[in-house]
Amino acid sequence: LGADHLCALLGALGVLLGHELSQPLLYSTGGALLLLALIANLLFGVPRLNGDLEKLAHEIGQLQRQGDLSSHVTVQGNGLISDVAQEVNAIAIDVETVLHETQTCAQRVGNGANTLRLAMLRASDAQTRLNSSAIATAATLEEITVAINEAAVNAAEGAEASAENQRVSTTK
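Residues numbered from 1 in each chain as written. Predicted model: local features only at pLDDT ≥ 70, side-chain atom pairs only at ≥ 80, totals over all residues. Heavy atoms only, no water.

Another aspect to go through is the nonpolar core. Counting eight residues, the largest nonpolar core is built from L56, L63, L69, V73, I81, A85, V88 and A92. Listed by contribution, the elements that provide at least two residues to this core are α2 (29–66) and α3 (80–171). With four residues, the single largest contributor to this core is α3. (Core = buried A, V, L, I, M, F, W, Y, C linked by side-chain atoms within 4.5 Å. Buried < 20%, exposed > 50% of the residue type's maximum accessible area, 1.4 Å probe, protein only. Helix = DSSP H or I, 4+ residues; strand = E, 2+ residues; numbered from the N terminus.)

This is how it looks when you write it as C-alpha cells:
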C-alpha cells in the first residue's frame, strides 16, 4: 500500500472508531461492513486498478512500437480503463483509415503523374515530327523556289536567244 492509501485507511478507521467516543460506529453491523468494504477496496481495488493501468500502458506502448494500427488494445471490463482502451482503439482505427486514404490518394496522384508524363512524351514526339515536317516542307519550298528562279533565268535566256534569232533572221 502507498502512503496515500494508508492515510485514507487510517482516516476511515478514525471516523468509524471515534465517530463519537461514547458510541463507536465500528460496533454496529453497518459500520463493520463499511470498514470491511473500505479495507477491501484499498487492498484489492487500487492494486487491480494499477495493474490494469500498467497493462493498458504496456499494450499502448506495444501498439506504438510495432506501428501496426490493425492490432488493438485488449478491452476487458466495463470501467474507466476499458473506456480508455476503447478510445485508444477508436483513435488507432481513425489513424489507420486516414493513412489508408492518404496512401490511396498518393497512388492516384502517382497514376495521374504517369498519365501526364506519357501525354507530354506524346506531345513532344508529335512536336518533333511537326518540326521535321516543317523543315522538310521548307526545304522543298526552297528547292521549288530555286527551280522557279532557274526556269525564269532559262526563260529569259530563251527569250533573249529567240529575240536574237529573230533579229538575225530579219537582217539577213
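Turning next to the environment of V84. Within the fold, V84 resides in helix α3. Assessed through its relative accessible area of 35%, V84 is described here as partly exposed. In sequence terms V84 and V73 are 11 residues apart; their C-alpha atoms lie 9.7 Å from each other.

This part covers the pattern of salt bridges. Between side chains of opposite charge, a pair can form as their charged atoms come close. Per the stated rule, a full pass over the model turns up two salt bridges. One salt bridge connects R129 with D125, and the closest N-O pair in it is separated by 3.7 Å. Residue R129 and its partner D125 are located together in helix α3, separated by four residues, close to a single helical turn. Take D125: its relative accessible area is 39%, and that puts it in the partly exposed class. Between E164 and R167 there is a salt bridge, and its shortest N-O distance comes to 2.3 Å. Residue E164 and its partner R167 are both found in helix α3; the two are separated by three residues, about one turn of the helix. Residue E164 is classed as partly exposed on the basis of its relative accessible area, which comes to 38%. (Salt bridge = Lys/Arg side-chain N within 4 Å of Asp/Glu carboxyl O.)

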